[in-house]
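What follows is the residue order along each chain.
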Amino acid sequence: MNTITASTRPGDLLSQAPLIQIDLGIGGMTCASCVTRVEKALKKQPGVSDASVNLATESARVVLSAGDEAEALARVKRAVRDAGYEPSSREALDDVREQHWLGVPLSFLPVLIGVLLSAPLAVPMLGDLLDRHWMLPAWAQFLLATPVQFVLGARFYRAGWHALKAFTGNMELLVSIGTTAGWALSTWLWWRAEPGEMVHLYYEASAVVITLVLLGKWLEMRAKRQTTVAIRALHALRPERAHLLPDGVRRTELTDVAVDELLPGDLVRVLPGERFAADGEVVQGRTQADESMLTGEAMPVPKDVGDMVTGGSLNGEGAVDVRVRAIGAQSVLSRIIGLVQDAQATKAPVQRMVDQVAAVFVPVVLVIALLTLVAWLWTGVPMEEALLHAVAVLVIACPCALGLATPTAIMAGTGVAAQHGILIKDAQALEIAHQVDTVAFDKTGTLTEGHPRLLVIEAVPGVDEVAVLHTAAALQAQSAHPLARAVVQAADARAIAIRADAASEVQAVSGRGSEGRVNGAWLALGSLKWMEELGAALGPLEERVRSWQSQGATVSVLASQTPGDAAAAASWTPLAMLAFGDEPKAGAAQAIADLRARGMRLYMVSGDNRGAAFAMAARLGLRASEGEVIAEVLPGDKAAVIRKLKSSGAGGPLHTVAMVGDGVNDAPALAAADVGMAMSHTQGGGSDVAMHAAGITLMRGDPLLVASALDISRRTVSKIRQNLFWAFAYNVAGLPLAALGFLSPVVAGAAMALSSVSVVSNALLLKRWKPRVR
């Protein structure tokens, strides 16, 4: 149960009314009509502002005014029970352990009993096909069919009765009316038959129909469980125990504790092959972490002291000590599970149309069945034959397939996307994403690495480049400035060892750079502005400095001081120029090419100057000359840019725009876009704000996931359309065939069961989807 807030009036940001969000399981729902009835019952409750029921997950999400939470939960559960269904906790839905009796799953037991009782009734039908006419005595047929009708079929009577009390209809009502008519007709014919007379009875039709419907529901239940495999897999990542290190006060030795006992600040040891118990920071040791279930990244990620680890990821070959930073609902894994559950709990816009159809479906079928009975009687056929045709109409009608068509596809699509690092917040984002024709990217951190690298060192004649890098790294070794770290990393990459005492008297000059003594020489490394202040003429370096600046690079200069004397002041002599720049991400250019091949309009929105933005665009394959680069955009103006991209100008068509960003300053633009995609770095920071504003979160910073997210959206919407087509096709084709006498009740029952199973199975094909691998 979560507490959320919502504005009491549209546009009123100051007046906020607290709301309670309740998730609960609902047992006994079988079709779209059930969904409609439960939603109506929940929305009638005092204080309920919204209720969404999902047939595929057999769950409901209710939003209501804050108050006594225990009373609110009890009131919601009572409403579900009064509607004829069984309420349960949301957590109970995740427990899929199957109980068995003599090796048979308990859920399959009614089906097995139905098969055993119905088989002797159905076998004579095969004999008729082989021109062997024989049948069981009437009393034997009665004894076999009656338990199937009123014991195994009791669930249909209960659910149908609740539907009648609510003045609605459902699948169970259709099945119970149809099979009861067949059973009653057979009993009537047997009762009125003369002694010794062999009359043709129809017990087998009612018994086999009930058995087939039970079998279809069992197969449907098993298939629906497969759609929740992503959530169960994420839950399974949580380890149960953690090795808590001693704190020297209350604990003096390593202690194994339950993971839910951990607190922020605790130190835990993670052994090789174990899962990290919580989000945290490595404080000792070195290892690699397998984060594939969280981010979709197949390669292990190196982890050293100071690196962040994510709870649920798998430790590699090294033992490490980790300081806990986030637990419970604040952990990355919990947020991922929450996002996936939210997406599967929401209702797609197309589903609302299906619900409207389902609301009138059962009454229409009852009318068609009555008309079928009357029409056949009018043609002069016997009562039993006309009744069988009407029963076939009742049995073949399948509102279950309509109810399952959309939610099963959404569950399968969002589940497989989550397994590959694509988190879809809600069904609306999924449905809109397939319409995207324009993609706008933030530059820094989205298309680029987001941190500077040393691109080049250009020294004056007579000065060795390696010596320059050694000297610069010595000066910057103790600095945390991004440019200083880039210099040190470049030295490490070239295996240049820096002694701890290589530089002395080092001091940082705020906003300028660093200076100190290296090998007896006094050196300064800093900005062009500082060099100008020091009076260091660039000389032969000036042309190269201007060239790199025109490409958007940040330039620093290393200069040495020549001591002055009585006649002249000390002077500075430039030794080398160091150019820094952001690098494109490994898959950025390929991502741009893939999206362009799909016919997308592409834009890069950046706050950088035009020179830097245009230079990066050229490396990424964006066409600045065609207006695909929008530079010098202030953070507050990005949302306005997105709104402008939605329109082609006066009278032009509207475009569906996706915005891809990763930081706090991207949040307004993500919210303004039709679909916002936030690149998460899995650990805190500005990406958290972006994630809340976006409809889709990419759990690793790979631009190729943008095309993958659009692809899984397109495929999921395609499955929804296929499922709805088949669900309507079954009914549109089946009802006339049954009414015209081309389908027996047994065949109609099999077709109804097949319709639900085929819709769910078609949705499960999405589980085979994989994103493009670079």
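The shown structure was predicted, so the numbers you read here are calculated from the model rather than taken from an experiment.

## Notes on the packing of aromatic side chains
Phase 1: Under the defined criterion, the tally for this structure stands at seven aromatic pairs.
Phase 2: On the numbers, 5.7 Å between centres and 15 degrees between planes, the contact of F150 with Y157 is stacked.
Phase 3: Y157 gets classed as partly exposed once you look at its relative accessible area, which sits at 27%.
Phase 4: Members of the aromatic cluster, joined through ring pairs, are F142, F150, Y157, W183, W190 and Y203.

## Thoughts on unusual backbone geometry
Phase 1: Of note in the backbone geometry, E505 takes a positive phi value of approximately 55 degrees without being a glycine.
Phase 2: One can find E505 in strand β20 (residues 503-509).
Phase 3: Even without glycine at this site, N519 takes up a positive phi of about 55 degrees.
Phase 4: Within the secondary structure, N519 is located in the loop between β21 (513-518) and β22 (521-527).
Phase 5: By relative accessible area, which is 65% here, N519 ends up exposed.

## Considering the packing of helix α12 (residues 383-396) against helix α24 (residues 704-739)
Phase 1: Running from amino to carboxyl end, α12 crosses α24 at an angle of 170 degrees, the nearest separation of the two axes being 8 Å. In this view, α12 runs roughly antiparallel relative to α24, as classed from their interaxial angle. The interaxial crossing formed by α12 with α24 has right-handed handedness. Mapping the contact onto sequence places H389, A392, V393 and I396 in α12 and N731, G734, L735, A738 and A739 in α24.
Phase 2: Partitioned by chemical class, the residues of the contact of α12 with α24 number six nonpolar, three polar and no charged.

## Describing the sheet that holds strand β15 (residues 314-315)
Phase 1: The antiparallel open sheet is built from three strands, whose spatial order is β13-β12-β15. Every interior strand has two partners, whereas the edge strands, β13 (301-303) and β15, have only one.
Phase 2: Direction of pairing for strand β12 (residues 287-290) relative to β13: antiparallel, over a ladder of three bridges. Along β13, the bridge assignment pairs T287 with K303.

## Some points on the pairing of strand β3 (residues 48-54)
Phase 1: The element β3 is extensively covered by neighbouring structure, given that five of its seven residues are classed as buried.
Phase 2: Pairing of β3 with strand β4 (residues 59-65) involves six bridges; the strand directions are antiparallel. Paired with D50 across the bridge in β4 is V63.
Phase 3: Between β3 and β4, which pair antiparallel and follow one another directly, the connecting turn spans four residues, one of which, E58, has a positive phi of 50 degrees.

## With respect to the packing of helix α15 (residues 465-476) against helix α16 (residues 482-493)
Phase 1: Between α15 and α16, the shortest axis-to-axis distance is 9 Å and the interhelical angle comes to 130 degrees. Taken together, the axes of α15 and α16 are oblique relative to one another. In this structure, the crossing between α15 and α16 has a hand that is left-handed. Contacts between α15 and α16 involve L469, A472, A473 and Q476 from the former and A484, R485, V487, V488, A490 and A491 from the latter.
Phase 2: The class makeup of the residues in the contact of α15 with α16 is eight nonpolar, one polar and one charged.

## Here we look at a nonpolar patch on the surface
Phase 1: Together, W101, L102 and L106 give the surface a local cluster of nonpolar side chains, amounting to about 360 Å² of exposed area.
Phase 2: Relative to the helices and strands, L106 is located in the loop between β7 (104-105) and α3 (109-129).
Phase 3: Taking relative accessible area as the criterion, L106 reaches 37% and is therefore assigned partly exposed.

Cut-offs applied
- Residues numbered from 1 in each chain as written.
- Predicted model: local features only at pLDDT ≥ 70, side-chain atom pairs only at ≥ 80, totals over all residues.
- Heavy atoms only, no water.
- Phe/Tyr/Trp six-rings, centres within 6.5 Å; stacked < 30°, edge-to-face > 60°.
- Buried < 20%, exposed > 50% of the residue type's maximum accessible area, 1.4 Å probe, protein only.
- Helix = DSSP H or I, 4+ residues; strand = E, 2+ residues; numbered from the N terminus.
- Axes fitted to C-alpha atoms, helices over the stretch in contact; angles between N-to-C directions.
- Parallel < 35°, antiparallel > 145°, perpendicular 65-115°, else oblique.
- Left-handed = near helix turned anticlockwise from the far one by under 90°.
- Contact = heavy atoms within 4.5 Å.
- Nonpolar A, V, L, I, M, F, W, Y, C, P; charged D, E, K, R; others polar.
- Pairing = 2+ DSSP bridges.
- Patch = residues over 30% accessible without salt bridge, like charges linked within 9 Å, V, L, I, M, F, W, Y side chains within 5 Å.
- Areas by Shrake-Rupley, 256 points an atom, 1.4 Å probe, with all protein chains shown as cover.
- Salt bridge = Lys/Arg side-chain N within 4 Å of Asp/Glu carboxyl O.

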